[in-house]
Structure formats: C-alpha cells, structure tokens
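Spelled out, the chains give:
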Amino acid sequence: MAEDILLPARDNPDNELSVADHSLFEPQIIAGLCRKWLIYNDISPRSREKYTQWLKAFAQWSRGQGITEPVREDIIRYRDELSRNKQPSTVNNYIRAVKSFYRYLEAAGIRPDITRGIRCLKLEAGFRKGYLNEQQCADVIETQKLEPAQEESDAARERRILTSARNQALLILIMTTGMRTIEVRRADYGDIQIQGDSRILYVQGKGKNEKGQYVKIPDETWKALRSYLALRGPLSPRDPLFASISNRDAGQRLTTRSISRICKNALIEADLNSSRLTAHSLRHTNATLALKNGASVEQVQQVLRHADINTTMIYVHDIDRERNAAEDLVARAIFDELPEPTEKQA
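Residues numbered from 1 in each chain as written. Predicted model: local features only at pLDDT ≥ 70, side-chain atom pairs only at ≥ 80, totals over all residues. Heavy atoms only, no water.

1. Let's talk about the packing of helix H2 (residues 45-64) against helix H4 (residues 88-107)
Geometry of a packed helix pair, given as the angle between the helix axes and the separation of the axes. At their nearest, the axes of H2 and H4 sit 8 Å apart, and the two run at 85° to each other. What the angle tells us is that H2 and H4 run roughly perpendicular. Contacts between H2 and H4 involve Gln 53, Trp 54, Leu 55, Ala 57 and Phe 58 from the former and Asn 93, Tyr 94, Ala 97, Val 98, Phe 101 and Tyr 102 from the latter. For the contact of H2 with H4, a count of residues per class yields nine nonpolar, two polar and no charged. (Axes fitted to C-alpha atoms, helices over the stretch in contact; angles between N-to-C directions. Helix = DSSP H or I, 4+ residues; strand = E, 2+ residues; numbered from the N terminus. Parallel < 35°, antiparallel > 145°, perpendicular 65-115°, else oblique. Contact = heavy atoms within 4.5 Å. Nonpolar A, V, L, I, M, F, W, Y, C, P; charged D, E, K, R; others polar.)

Right under this line is the structure:
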C-alpha cells in the first residue's frame, strides 16, 4: 500500500493533500517527498541543498513539459536535454538524484522505479580540470599584490590591504597543500598546530565528520598566513581561518562559493581564463607539480588524502600522456621530409 504523504491544501476539506491522489511534482507534494527522501537516504545536512536542487530541477522540467506522471522515456529525454548545455559530470549528478528518488518511491510503495537501467553519461578516465605550471602559479599569486591607489580613505585602504593579504594566503595555501574549497571553508584558526619541527593544519575532509587528518604548512605558506592573521588582530581558536570582509557579513566564515570566486578571479587576472581552470585546479596543480618534482605516488596520496591510490595514479597517467611525444615524432617525420621552399615558392 502506498505511503501517505499528507500536506496542507486549501481545497481539501480535511486540509490535507495525499500523494496517492495527485501528481508527484505538484510543489507541495514534491516538497514533502523530498524531505522524506533525504531522511531515508541519510543525506548529511551539508549535502541536502544540492540534492534538493537536483531533484527540484527535474520537478520543474516535468511541470514545464506538462508531465504529471513521468515514464521511463521522459527520464531519458530529460537526461539528453541536460547534456546539451551541461558538462557530463553535472548531468550525472542530476540524473543520479532522480534515480535515487525513484528508488525511494519504490521502497516506500509510492511509485515503481521507472529509472532502473537508465544509464548516466559515460565519462572519460582522468581529471576534467587543468593544472598550472610553476610560472603560472607565480603569476596567479602576483595578481594579489597590493597596487598603489589614488585617493582613498584610511578605512578603504585597510580593507584593501586585508583583502590582498587574505586572498594571497588562501591561494598559496591551496596550491601548496592541495586543500579542497570545503576544507578551506571549515578550517579554524585553532586548527593550526605545531607537530615536531613542522607547523600543520588539521582539516575536515569531504564527507568527514571530524578533523582527523592534517596537511603540513610550508614556511612560505606560513609567512603569507601569518601576515594575513596579524592584520585581523586577536583571534579565538574557533574563529574561521579565512573570513569575509564584506559589510554584510564581515568576520563570518567564507563560503565555498566565495573561495571559488577568489580563485577564479585570480586566474582570470593572470590571463588564465579557461573553463578547465577553477579553484579545484589548484588542488590538481599541487599533485601534478609534486609528482613532477620527485614526490612518490604514496606521498601525493597522503597529501591529497585519497582513500584509493588508484585515484592518485590518474595524475601519473596524465603526466605520462603529457610527456608522450608521439604526435611530435610524427610531425617531425612528416615535416623533415618536406623539401625546403625555393625562392620562387617563398
């Protein structure tokens, strides 16, 4: 028997709306089902916003198409339409959410799982973000150098100095430690500790509930961090490592969106504007430069905190592919055989 989802409804004498009598994707119905689905799948509070976004996108699409009860062909058409203007990995997030939702509906006896057997888009092996070389890293950091300004108030200058120091420290930290944006966001001032001869930063990794792992803070990185922290004045251990400077939420923890925007803007200012270069590219930069400069795969796995070393091995394969000179050898073989142009041909 179908599970009843009862929600307020003005036209219902008992002020209740049952899913058995209405389309799944009426706004009130989908809101109630979405909450139950998230609880059923034990989705963490931090991830619920994204899962809700992905599911509601399908609900809005269905209503826009005049679909009250989707069938298998509708899901496939939705996937194909998404693929026209979204990256395959993004499309798969949306489709996995829909598939998970229908598995819940079947388990709850509400609707059969019409998504069974529908495939996500096939992704090529390897990373979909690029990385920077050493000079490009220096160029990105240089974009945060404080430039002289024309007339400005003392308050405006102080804010500009603080912004420059913060952004520079943030960029250097991600480049040298390979931290994810979510890890940077979660970092507190008190997470910086001394261990032996090293200064370390405890991190709460993706999908983790505690700060059980750490990254080492190189001396150059600590110099940038220390300069930024000194400008902020006295801090308590629970204060965010990187804080907003905006008037609206000054002192509050930076969001992952703000961190990504700081990184992307710096890349653009360094003339590195590409869809394949983002904040996450700085993490890839850390791994790639480490391997190119003699680090072992095991060392890089430890820094990036990969559970599976095969994930780290993708970096090795990418470097090997980059160094593969087959195309150059073929080009040389062809063009070395071409006759030199005569004066008349020139």
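2. Notes on H4
In a regular helix each residue adds 1.5 Å, so 20 residues correspond to 28 Å; H4 covers 28 Å between its end C-alpha atoms and thus fits that length. Of the surrounding elements, those touching the buried residues of H4 are helix H1 (27-40), H2 and helix H3 (72-82). In the stretch just after H4, Gly 109 is the one whose phi turns positive, near 75°. (Expected span 1.5 Å × (residues − 1).)

3. So, the pairing of strand S3 (residues 192-195)
Pairing of S3 with strand S4 (residues 198-203), which is carried by four bridges, proceeds in the antiparallel orientation. Within S4, the residue paired with Ile 192 across the bridge is Leu 201. Counting the residues that bridge the hairpin from S3 to S4 gives two residues, and of these Gly 196 lies at a positive phi of roughly 60°. (Pairing = 2+ DSSP bridges.)

4. Side note on the sheet that holds S4
Judged by pairing direction, the sheet is antiparallel, and its three strands sit side by side in the order S3-S4-S5 without closing on themselves. Strands at the two margins of the open sheet, each flanked by one partner only, are S3 and strand S5 (213-216). Strand-to-strand twist of the sheet, defined as the mean angle between neighbouring strand axes without regard to direction, takes the value 40°.

5. Here we look at the nonpolar core
Counting 41 residues, the largest nonpolar core has Leu 132, Val 140, Leu 170, Leu 201, Leu 241 and Phe 242 as its most contacted members. Residue assignment for this core shows that the elements contributing at least two residues are helix H5 (134-142), helix H6 (154-177), S4, helix H8 (219-232), helix H9 (256-269) and helix H10 (279-292). For this core, the leading source of residues is H6, giving nine residues. Discounting chain neighbours no more than four positions away, the residues touching Leu 201 are Leu 173, Met 179, Asp 188, Asp 191, Ile 192, Gln 213, Tyr 214, Val 215, Ile 217 and Leu 241. With 31 residues, the next largest nonpolar core counts Ile 30, Trp 37, Leu 55 and Trp 61 among its residues. (Core = buried A, V, L, I, M, F, W, Y, C linked by side-chain atoms within 4.5 Å. Buried < 20%, exposed > 50% of the residue type's maximum accessible area, 1.4 Å probe, protein only.)

By themselves, these figures tell us nothing about what the structure is for.
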